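Listed below, chain by chain, are the residues.
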Amino acid sequence: MSILSKEVKDVIDSKAVIIIFFGLPEKQQIEILPVLEKEQKYDFPDGDLITDSALEILVNDYNASLNSILLHLDEPIDDKINDKAKELFRAFDNLFSLTSFIQEKFEEDISNEIIFKLPEWNQIRELSLVIQKILQIQSEVNKNFLKSRVAYWLHP
C-alpha cells in the first residue's frame, strides 16, 4: 500500500475501534454488546435507523465507517497499485456485500444469536482482521474503552 496521507490516517484512526470490534471473536463481541431495552428505540449516530438491536446499529455504523475510509483512500484499482492495496479493496467490496446480507437478516427479525452463527458473520470477522493488518490498526484495545465506544454509538 502506498504511503497514506495524514488525513487518511486520521480517518482510519477515528474508525479503528469499530473495525477492531468486528474482528473480535464472537464471545468477546457478545461480552461488549449491551442489552437494550425492547421498549426503547435506538438510532444510528447519523439518525437514519431506529431499532432495538445494538448489533444492527453497529453493522450500519461499520458499513458507514468502511465507506468513509474507502472514500478517503480514493485510489483506483488497476495494475499500478500494489497487491496489498488490491487485497484491501477486495476486502472492502466483500465486506459491503456481507454487511448488506446481514442488514437484510435484521429486516427478517432474526436474533443476534442466529446472526453470530451465520457463516457470513465469520467472514466479516476474517475480513476485518485483513483490513486491520493492511491498514496497520493496533488490534489490542482496552475492553472497557470498547464498551464505552459501543455505548456512545447506541444512544437513545
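Residues numbered from 1 in each chain as written. Predicted model: local features only at pLDDT ≥ 70, side-chain atom pairs only at ≥ 80, totals over all residues. Heavy atoms only, no water.

### Focus: the pattern of salt bridges
Here's step 1: Following the criterion strictly, the structure yields three salt bridges and no others.
Here's step 2: The partner of Lys 117 in a salt bridge is Glu 26, and the shortest N-O contact between them spans 3.0 Å. Of this pair, Lys 117 sits in helix 5 (residues 112-117) while Glu 26 sits in helix 2 (residues 26-32); the two residues are 91 residues apart in sequence, bridging distant segments of the chain.
Here's step 3: Note on Lys 117: relative accessible area 60%, which makes it exposed.
Here's step 4: We classify Glu 26 as partly exposed; its relative accessible area is 22%.
Here's step 5: Among the salt bridges present, the one from Lys 105 reaches Glu 108, with a minimum N-O distance of 3.6 Å.
Here's step 6: The buried category is assigned to Lys 105, whose relative accessible area is 17%. (Salt bridge = Lys/Arg side-chain N within 4 Å of Asp/Glu carboxyl O. Helix = DSSP H or I, 4+ residues; strand = E, 2+ residues; numbered from the N terminus. Buried < 20%, exposed > 50% of the residue type's maximum accessible area, 1.4 Å probe, protein only.)

### Side note on the nonpolar core
Here's step 1: With 44 residues, the main nonpolar core has Phe 22, Trp 121 and Ile 131 as its most contacted residues.
Here's step 2: Only helix 1 (6-23), helix 3 (54-73), helix 4 (83-107), helix 5, helix 6 (119-134) and helix 7 (143-153) provide two or more residues apiece to this core.
Here's step 3: In this view, Ile 131 contacts Ile 19, Leu 66, Leu 88, Ala 91, Phe 92, Leu 95 and Gln 136; residues no more than four positions away in its chain are not counted. (Core = buried A, V, L, I, M, F, W, Y, C linked by side-chain atoms within 4.5 Å. Contact = heavy atoms within 4.5 Å.)

### Examining the confidence of the model for the protein
Here's step 1: For the protein, mean pLDDT is 80; residues scoring 70 or higher make up 78% of the total.
Here's step 2: When pLDDT is averaged over each helix and strand of the protein, the minimum, 60, is found for strand 1 (residues 42-43) and the maximum, 94, for helix 6. (pLDDT = per-residue confidence, 0-100.)

### Let's talk about helix 6
Here's step 1: Across its 16 residues, helix 6 extends 23 Å between first and last C-alpha, which sits within 8% of the 22 Å expected from 1.5 Å per residue.
Here's step 2: Three or more residues of helix 6 are buried, namely Glu 120, Trp 121, Ile 124, Arg 125, Leu 127, Ser 128, Ile 131, Gln 132 and Ile 134.
Here's step 3: Close packing links the buried residues of helix 6 with helix 1, helix 2, helix 3, helix 4 and helix 5.
Here's step 4: A positive phi of about 55° marks Gln 136, the residue just after helix 6. (Expected span 1.5 Å × (residues − 1).)

### Side note on the packing of helix 4 against helix 6
Here's step 1: Following both chains from N to C, one finds helix 4 and helix 6 inclined at 150°, their axes separated by 9 Å at the closest point. With respect to each other, helix 4 and helix 6 are oriented roughly antiparallel. In this structure, helix 4 meets helix 6 at a crossing whose hand is left-handed. Residue-level inspection shows Lys 84, Glu 87, Leu 88, Ala 91, Phe 92, Asn 94, Leu 95, Leu 98, Thr 99, Phe 101 and Ile 102 of helix 4 in contact with helix 6, the latter providing Glu 120, Trp 121, Gln 123, Ile 124, Leu 127, Ser 128, Val 130, Ile 131, Lys 133 and Ile 134.
Here's step 2: The residue makeup of the contact of helix 4 with helix 6, split by class, is 13 nonpolar, four polar and four charged. (Axes fitted to C-alpha atoms, helices over the stretch in contact; angles between N-to-C directions. Parallel < 35°, antiparallel > 145°, perpendicular 65-115°, else oblique. Left-handed = near helix turned anticlockwise from the far one by under 90°. Nonpolar A, V, L, I, M, F, W, Y, C, P; charged D, E, K, R; others polar.)

### Things to note about the packing of aromatic side chains
Here's step 1: Summed over the entire model, instances satisfying the criterion amount to five aromatic pairs.
Here's step 2: Note on Phe 22 and Trp 121: the rings are 5.6 Å apart at their centroids and 55° apart in plane angle, and the pair reads as tilted. Within this pair, whereas Phe 22 is found in helix 1, its partner Trp 121 is found in helix 6, the two being separated by 99 residues in sequence.
Here's step 3: Aromatic side chains Phe 92 and Phe 96 sit 6.4 Å apart centroid to centroid with 35° between the ring planes, which places their arrangement in the tilted category. (Phe/Tyr/Trp six-rings, centres within 6.5 Å; stacked < 30°, edge-to-face > 60°.)

### Overview of the packing of helix 1 against helix 3
Here's step 1: Interhelical geometry of helix 1 versus helix 3 gives an angle of 155° and a closest axis separation of 9 Å. Here helix 1 is positioned roughly antiparallel relative to helix 3, judged by the angle of their axes. Two packed elements cross with a definite hand, and for helix 1 against helix 3 that hand is left-handed. Between helix 1 and helix 3, the contacting residues are Glu 7, Val 8, Val 11, Ile 12, Lys 15, Ile 18, Ile 19, Phe 21 and Phe 22 on the first element and Leu 58, Val 59, Asp 61, Tyr 62, Ser 65, Ser 68, Ile 69, His 72 and Leu 73 on the second.
Here's step 2: Considering only residue class, the contact of helix 1 with helix 3 consists of twelve nonpolar, three polar and three charged.

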